[in-house]
Amino acid sequence: MAKVTLKGVKKNYGPVKAIHGVDMEIKDGEFIVIVGPSGCGKSTLLRMIAGLEAITDGTIQIGDRVVNNIEPAERDIAMVFQNYALYPHMSVYENMSYGLRIRGRSKADIETRVQRAAEILQLQPYLQRKPRELSGGQRQRVAMGRAIVREPSVFLFDEPLSNLDAKLRVQMRLEIKRLHQQLGVTSVYVTHDQVEAMTLADRLVVMNQGRADQIGSPQDVYNHPATTYVGGFIGSPAMNFLTCRIDTGQAKLTDDVILPLPAGWSVPAGEYSLGIRPENLRIARAGETAHLQLDVDVAEELGADTLLHGKIAGEEMVVRVPSHAGFHDHSRPGLVIDIERLHLFDRESGLRVATPG
Amino acid sequence: MEKRVVFHNRFLPYLLVAPQIAITVIFFFWPASQAVVQSVLREDAFGTSSYFVGMENFAALFEDDYYLNSFKITALFSTLVTTLGLGISLVLAVTADRLIRGATIYKTLLIWPYAVAPAVAGALWGFVFLPGPGVFAWLLAQMGVDWNFHLNGGQAMFVVVVAATWKQISYNFLFFLAGLQAIPKSLIEAAAIDGAKPFRRFWTIILPMLSPTLFFLIVVNVVYAFFETFGVIHSLTRGGPAKSTEILVYKVWYDGFEAQDLGGSAAQSVILMAIVIGLTVIQFRYIERKVHY
Ligand SMILES: Nc1ncnc2c1ncn2[C@@H]1O[C@H](COP(=O)(O)OP(=O)(O)O)[C@@H](O)[C@H]1O
Ligand SMILES: [Mg+2]
């Protein structure tokens, strides 16, 4: 096991800047998830840690060793690929033992390790099969088995579940979590799925166009998004953003829509972006003064909850309310905001504004 | 999933395959049957009448030292052309795949030999190896080698093998390159992380994954060396010197059209036909079914 340290890591593909400079310290035994939309540079970052891509600038350290110029084989890592990358002409046993055979382990040692991994992953009945004779979930497990038999210091996963159907994905997600608790190996896991990211991560790295916008625990990232981008990416449905002018302790959306701010917020007057999560709004109770009136276009029924899509002061807004509240298309409910859970961002830069109070 | 077209007119499907069948019948079955008929006949000295001799033509062939020698020559020739052609083109394809993924200039250059007619290829290499002024001949002369492939059987074999191989390399190269590019990159990366060095990766991952391509090309190359190198040999050595480059196909032509032994020539072509059928059976049986991982 080992810590992994990235210092000012950059990657250019010719003129294209894929990674703009990432600093990150991954603790020994930690499960880090790199999350972001397709094309933001997650795989590139992971592949640089693996040694499959050259590092344009900066350093990567695994344990106490700078690995910039060290071959993938010598980095003491194992990687699980999105398409599993199983050797199609080898049996499951041969797939799992390939790396051990190359490293010249004894037959007995290989046998023990493969059997143990097969037991952990419930692969014993399939050891003699070829990958094409396995289901998607089983192939995924073989790919994991190939990684764990080597007992590396770091596991790298590149979207390992995205080729599975939804149900299997949830199941394998749990298995990966359990496996990590059991083995405690430092893991770096790439996904575009924020639910996967939130459930697996000790800490999240939210990537935005080649930059790490925020690194923090799932709660931290959810409760204190560092940028409008992070606020919008983490959480489903996405956070609502309302442009407003703050003055004398109030947020003015338009001339007639004015919201109160938490007591004690001390922010300079100016133009801001106000972030409100759909779950931090509720229907005003009888006799209660509503903060807003929502013009509902579409009410999306999810079963337990209903999503009300509509407009406030000309801006798109989504609200999550319990289904039994009984709202439908073209209704106009009054809403109360959980004021304590407002997020404030700079209008220009999109950065979170500290609200000391 | 099977995709089938449903025809509502019963005769339309037959009508549609008719041209193909007609071509096969006119250009294959009819000449083939003629060869079979001819192979059991013998013509008199003036070619005016022929009479049935049973298997005599075949029996005569297997007593003919030249014919048995031609078998050996063909075996040597096709083995050399196939192994050299496959080996060189595999090296070229691996290099192209590794260094310049998709660079078209390299590919285009390598494809040219395939577009060159066999006789032209023969003439070209004829110039290169021409005793005296030929580039290669001159180089050898500088090194003190007594070079004249018109007189030396071993040298003649060398020249036809080079010319025949050169022509086939592009074809092999294209298939190998396509095969290599079809191997997912992540497989090679996984092997690299597993600790396999390039050479080991080639033997344990790349080559096994190329095996369907490889076996397909072996059959194609053997067929090529057996049957399609006539033009190269005809323009370079005419089977000589002293029949040292007379492969089976060349002998069929020579015995039939130069020596006017139609019965013997027909018997030889029937044997060649059997060889082709054998190779085809191997291709279907072995390659299409077994060499899949
Ligand atoms: N080999 C490459 N050559 C050029 N550009 C690349 C290459 N690989 C990735 N990129 C670019 O780098 C960016 C990040 O890609 P990637 O790391 O694969 O994103 P992600 O895994 O987050 O979807 C993309 O804009 C992509 O087009
Ligand atoms: Mg990716």
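Here the residue numbering is sequential within each chain, running from 1 through the sequence in written order. Key to labels: chains lettered from A, ligands numbered from 1, both in the order written. Given that the model is predicted, a residue must reach a pLDDT of at least 70 before its local features are reported, and side-chain atom pairs must reach 80 or more before they are shown or counted; all residues, however, enter totals for whole chains, interfaces and linings. For the side-chain quantities, the full set of heavy atoms in the structure was used; hydrogens and water were omitted.

Could you clarify how one ought to interpret the overall build of chain B in this entry?
Working definition: helices are DSSP H or I runs of at least four residues, strands are E runs of at least two. Numbering for both runs from the N terminus. Counting secondary structure elements, chain B contains twelve helices and two strands. Helices (α) and strands (β) of chain B occur, in sequence order from the N terminus, as α-β-β-α-α-α-α-α-α-α-α-α-α-α. Along the longest, intermediate and shortest principal axes, the C-alpha atoms of chain B span 75 × 75 × 30 Å. In this scheme, a residue with accessible area under 20% of its type's maximum is buried, one over 50% is exposed, and one in between is partly exposed, where area comes from a 1.4 Å probe on protein chains only. Put simply, chain B has 293 residues, and 40% of those count as buried. Here, two residues are considered to be in contact whenever any of their heavy atoms come within 4.5 Å of each other. Long-range pairs, those at least 24 residues apart, make up 67% of the contacts in chain B with a sequence separation of at least 6. A 1.4 Å probe and the Shrake-Rupley method give the accessible areas. Residues count as covered only by the protein chains that appear here. Accessible surface, chain B as shown: approximately 16,600 Å² in total, 69% of it carbon and sulfur. His is not counted here, nor are the chain ends, while Lys and Arg score as positive and Asp and Glu score as negative. A charge is said to be at NZ when it belongs to Lys, at CZ for Arg, at CG for Asp and at CD for Glu. Charge-centre separation for chain B: the mean point of 19 positive side chains lies 17 Å from the mean point of 17 negative side chains.

Even after reading the chapter, I still don't get the pattern of salt bridges, so can you show me in this structure?
Residues and elements named next belong to chain A. The working definition used for a salt bridge is a side-chain nitrogen of Lys or Arg within 4 Å of a carboxyl oxygen of Asp or Glu. Under the counting rule described, the total for this entry stands at 23 salt bridges over all chains. Two residues, E30 and R203, come together in a salt bridge whose shortest N-O distance is 2.5 Å. Of this pair, E30 sits in the loop between strand 2 (16-26) and strand 3 (31-35) while R203 sits in strand 9 (residues 203-208), and the two are 173 residues apart along the sequence. Relative accessible area serves as the criterion here: at 7%, E30 is assigned to the buried category. Measuring nitrogen to oxygen at the nearest pair gives 3.1 Å for the salt bridge that ties E271 to R245. Taken as a pair, E271 in strand 14 (residues 270-276) and R245 in strand 11 (residues 240-247) lie far apart in primary sequence, 26 residues in all.

Would you explain the interface of chain B and chain A in this entry?
One widely used convention gives an interface's size as the accessible area the parts lose upon coming together. Contacts between chain B and chain A engage 21 residues on the former and 25 residues on the latter. When chain B packs against chain A, close to 1,800 Å² is buried across both sides, 60% of that on carbon and sulfur atoms. Taken together, the links from chain B to chain A amount to two salt bridges. Each polar contact in these results corresponds to two N or O atoms within 3.5 Å; when the atoms are within protein, one needs to be able to donate a hydrogen and the other to accept it, and residues that are neighboring in sequence are counted only if both atoms are side-chain atoms. There are ten residue pairs in polar contact (both at pLDDT 80 or more) connecting chain B and chain A. Sorting elements by how many residues they give to the side of chain B that touches chain A places helix 8 (residues 185-193) of chain B first, with eight residues. The term buried area means the drop in 1.4 Å probe accessible area that two parts suffer when joined, counted for both and summed.

Is there a simple way to think about the confidence of the model for chain B in this case?
Where the model shows low pLDDT, its predicted coordinates should not be examined in detail. Residue and element names in this part refer to chain B. Confidence scores here are pLDDT values: one per residue, from the predictor, ranging 0 to 100. Across chain B, the average pLDDT comes to 82, with 93% of residues at 70 or higher. Here helix 4 (residues 104-115) stands out as the element of chain B with the lowest mean pLDDT, 74, in contrast to helix 8, whose mean of 93 is the highest. Reported for the predicted complex are a pTM of 0.82 and an ipTM of 0.85.

Would you mind showing me how to read the sheet that holds strand 5 (residues 65-66) of chain A here?
What links the strands of a sheet is backbone hydrogen bonding, and the strands pair in either a parallel or an antiparallel sense. Residues and elements named next belong to chain A. By the convention used here, strands pair only if DSSP detects at least 2 bridges between them. Spatially, 2-1-4-5 is the arrangement adopted by the four strands of the open sheet, whose pairing is antiparallel. Every interior strand has two partners, whereas the edge strands, strand 2 and strand 5, have only one. Inspection of the sheet shows strand 1 (residues 4-13) paired to strand 2 by eight bridges, in the antiparallel sense. Across the sheet, Y13 pairs through a bridge with V16, a residue of strand 2. Against the sheet, helix 1 (residues 42-50) touches strand 1, strand 2 and strand 4 (57-62), its axis set at about 120 degrees to strand 1. Each axis is a line fitted through C-alpha atoms, taken for helices only over the stretch in contact, and angles between the N-to-C directions span 0 to 180 degrees.

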